[in-house]
Amino acid sequence: QLKAVIFDLDGVITDTAEYHFIAWKQLAEELGITFDRTFNEQLKGVSRMESLERILALGGQTERYTAAEKEALAHKKNEHYKQLIARMTPNDLLPGILDLLRELKRENVKIGLASASKNAFTVIERLQIGEYFDTIVDAAKIKHSKPHPEIFLTAAKQLQVDPSACVGVEDAQAGVAAIQAANMFAIGVGDKEALKEADYIVETTAELTYDAIVRAFYR
Ligand code: B16
Ligand code: MG
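From a predicted model like this one, the values you see are computed outputs, not experimental measurements. (Residues numbered from 1 in each chain as written. Chains lettered and ligands numbered in written order. Predicted model: local features only at pLDDT ≥ 70, side-chain atom pairs only at ≥ 80, totals over all residues. Heavy atoms only, no water.)

## As for helix α1 (residues 16-30)
Here is the rule we go by: Only DSSP runs of H or I with at least four residues qualify as helices, and only runs of E with at least two residues qualify as strands; both kinds are numbered from the N terminus onward. To estimate the expected span of a helix, count its residues, drop one, and scale the result by 1.5 Å. Burial classes follow relative accessibility: with a 1.4 Å probe on protein chains only, a residue under 20% of its type's maximum area counts as buried, one over 50% as exposed, and anything between as partly exposed. Any two residues whose heavy atoms approach within 4.5 Å are treated as being in contact.
In a regular helix each residue adds 1.5 Å, so 15 residues correspond to 21 Å; α1 covers 21 Å between its end C-alpha atoms and thus fits that length. Along α1, the residues classified as buried are T16, A17, H20, F21, A23, W24, L27 and A28. The inward-facing, buried residues of α1 contact α2 (37-40), α3 (48-58), α4 (67-85) and α6 (120-127). Directly beyond the C-terminal end of α1, a positive phi value near 80° is found at G32.

Put into structure tokens, the structure is as follows:
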């Protein structure tokens, strides 16, 4: 029985995935590294430091910086990202998300947030949707990045719901893998090819209705 829906944030509830992309791309360019949207798929859902490592590896620069310098580079990206999210409003919710949150509440389905982002609380506040969430996992307390299931399992635990009664919603390959490793039903939002491992895929959040979720879950 469906008891909870656990959402990823960036790229599912709002298009902050685009802001992460813009901020990383600018930093990469300053380092003389070019990357495209295909490579960016590998950064989605991945923690800040791990994302930096992947970008440096892409540019063959893994050995070039000390740990302290890497911290500074990650900090720089985050400052740019914070500037981008500072102007967000409830208008930045992706299509259908507010209706879905309302409907889940009406149907007594619990709602959780499993975002790897340390900026998640700020973004939720800017979007003014905090009241809908029964639990929000604190990314700072999570030891293992997606695709490890830890963040989704923590959300289920905090909701006191068995993972088998949870649906996870993700836009990232690593996120879909994390949901499945947690033994939950994985819904992918976005490119059908990139997310082909998901149990159910929608191209945009507009298709992500309560009815569609229920139908997919019990199919
Ligand atoms: P921060 P999600 C993830 O959020 C993003 O997809 C990923 O691009 C980002 O690097 C990560 O959060 C860490 O974010 O630098 O703000 O702590 O998709 O899990 O909601
Ligand atoms: Mg995401």
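## A closer look at the site of ligand 1
What counts here: A molecule or strand has a residue near it when one of that residue's heavy atoms lies within 4 Å. Whenever a nitrogen or oxygen atom comes within 3.5 Å of another N or O atom, the pair is scored as a polar contact, on the condition that within protein one atom can donate a hydrogen and the other can accept it, and that pairs from neighbouring residues in sequence are kept only if both atoms are in side chains. Each accessible area is a Shrake-Rupley estimate made with a 1.4 Å probe; only the visible protein chains count as cover when residues are assessed. When residues are grouped by polarity, Ala, Val, Leu, Ile, Met, Phe, Trp, Tyr, Cys and Pro land in nonpolar, Asp, Glu, Lys and Arg in charged, and all others, Gly among them, in polar.
Around ligand 1 sit 18 residues in total, of which D10, R48, S115, S117 and N119 are the nearest. One of the side-chain nitrogen or oxygen atoms of R48 is found 2.7 Å away from an oxygen atom of ligand 1. Take S115: an N or O atom from its side chain is 2.6 Å from an oxygen atom of ligand 1. Its free accessible area being 460 Å², ligand 1 has 98% of it covered by the protein chains. Looking at the shell around ligand 1 residue by residue, the classes come out as four nonpolar, seven polar and seven charged.

## What about the sheet that holds strand β6 (residues 200-202)?
The criterion, for reference: One bridge is not enough; two strands pair if DSSP finds at least two bridges between them. To get an axis, a line is fitted to the C-alpha atoms, and for a helix only the part in contact is used. The angle between two axes follows their N-to-C directions and goes from 0 to 180 degrees.
In space, the six strands of this open sheet follow the order β3-β2-β1-β4-β5-β6, with parallel pairing throughout. Each edge of the open sheet is held by one strand with a lone partner, namely β3 (135-136) and β6. The sheet contact formed by strand β4 (residues 166-170) and strand β5 (residues 185-189) spans four bridges and is parallel. In the sheet register, V169 faces β5, and the bridge partner there is I187. Packing of helix α5 (residues 97-106) onto the sheet brings it into contact with β1 (4-7) and β2 (110-113), and relative to β1 it is tilted by some 155°.

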